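Observations on chain architecture
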Amino acid sequence: MYVAAALRPGGHADLWLDIATTPSSGFGVFVSAAILDEVRDKLVNKFGIHPDDVQRLIERIQTIATVVTPNETLSVVDDPDDNAILECALAAQAHLVVTADHALLKLNPFRGIGIAHPRELRSIFASDFRKVGEDSGS
């Protein structure tokens, strides 16, 4: 979700980060050091985003999210970065993982944790999206 937020400002993932900053939203956002490292690496090395811009996103995430330390190492999917997301969700005792990653979406649910694409939640939480859109002038 964090990479998508960086690549598509104003898109579904970015709006979820804005919604999570609203105290009345009831949403908690979680991240681990491994996820922050992956976001940094992917945005700089794969997408060529300037490191300063990536650092600003990392700081935004750290302001919004609770950083957790996973206590379990998983090997559920082939990509270690995807396993890190599941490890973070378990450590956070999350109810939902929001991701566009197909390998993770196929696992829905995982150990009682729902896994959904950011766009799926737009219709469920339509009032939150309207509030964020109104606040940003969209």
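Predicted model only: the values in this text are computed from it and were never measured. (Residues numbered from 1 in each chain as written. Predicted model: local features only at pLDDT ≥ 70, side-chain atom pairs only at ≥ 80, totals over all residues. Heavy atoms only, no water.)

For side chains bearing opposite charge, pairing can occur when the charged atoms are close. Taken as a whole and judged by the stated rule, the model has four salt bridges. The partner of E72 in a salt bridge is R111, and the shortest N-O contact between them spans 2.9 Å. Taken as a pair, E72 in the loop between β2 (66-67) and α5 (80-92) and R111 in the loop between α6 (102-105) and β4 (114-116) lie far apart in primary sequence, 39 residues in all. (Salt bridge = Lys/Arg side-chain N within 4 Å of Asp/Glu carboxyl O. Helix = DSSP H or I, 4+ residues; strand = E, 2+ residues; numbered from the N terminus.)

Tracing the sequence through the fold places I58 in helix α4 (residues 51-64). A relative accessible area of 1% means that I58 is categorised as buried. When the C-alpha atoms of I58 and D37 are compared, they prove to be 9.3 Å apart, with 21 residues separating the residues in sequence. Not counting residues within four places of it along the chain, the set of residues in contact with I58 comprises L36, V39 and R40. (Buried < 20%, exposed > 50% of the residue type's maximum accessible area, 1.4 Å probe, protein only. Contact = heavy atoms within 4.5 Å.)

This paragraph deals with the nonpolar core. Counting 22 residues, the largest nonpolar core has Y2, V31, I35, V39 and I61 as its most contacted members. For this core, the secondary-structure elements that each account for two or more residues are α1 (2-7), α2 (12-20), α3 (33-46), α4 and α5. If we skip the residues at most four places from it in the chain, V39 touches Y2, V3, L57 and I58. Ranked by size, the runner-up nonpolar core spans nine residues in total, among them L74, L86, A89 and L104. (Core = buried A, V, L, I, M, F, W, Y, C linked by side-chain atoms within 4.5 Å.)

In an α-helix, one full turn covers 3.6 residues, which means residues spaced three or four apart are oriented alike. Across the nine residues of α2, seven count as buried, placing the element largely inside the fold. What α2 keeps buried is the set A13, D14, L15, W16, L17, I19 and A20.

For the rest of this paragraph, the subject is the confidence of the model for the protein. Here the protein averages 85 in pLDDT, and 88% of its residues register 70 or above. At the low end of the mean pLDDT range in the protein sits helix α8 (residues 126-136), at 49; at the high end sits α5, at 96. (pLDDT = per-residue confidence, 0-100.)

A word on the layout of surface pockets. In this structure, the largest pocket spans a volume of roughly 1100 Å³. Along its surface, the largest pocket is lined by 42 residues, and M1, Y2, V98, T99 and A100 are the ones closest to its centre. Contributing elements (two or more residues each) for the lining of the largest pocket: α1, α2, α3, α5 and β3 (96-98). (1 Å grid on protein atoms, 1.4 Å probe; cavity = no way out; pocket = protein on both sides within 12 Å on 5 of 7 lines; lining within 4 Å. Points joined across faces, edges and corners; volume = space filled by probe spheres on them.)

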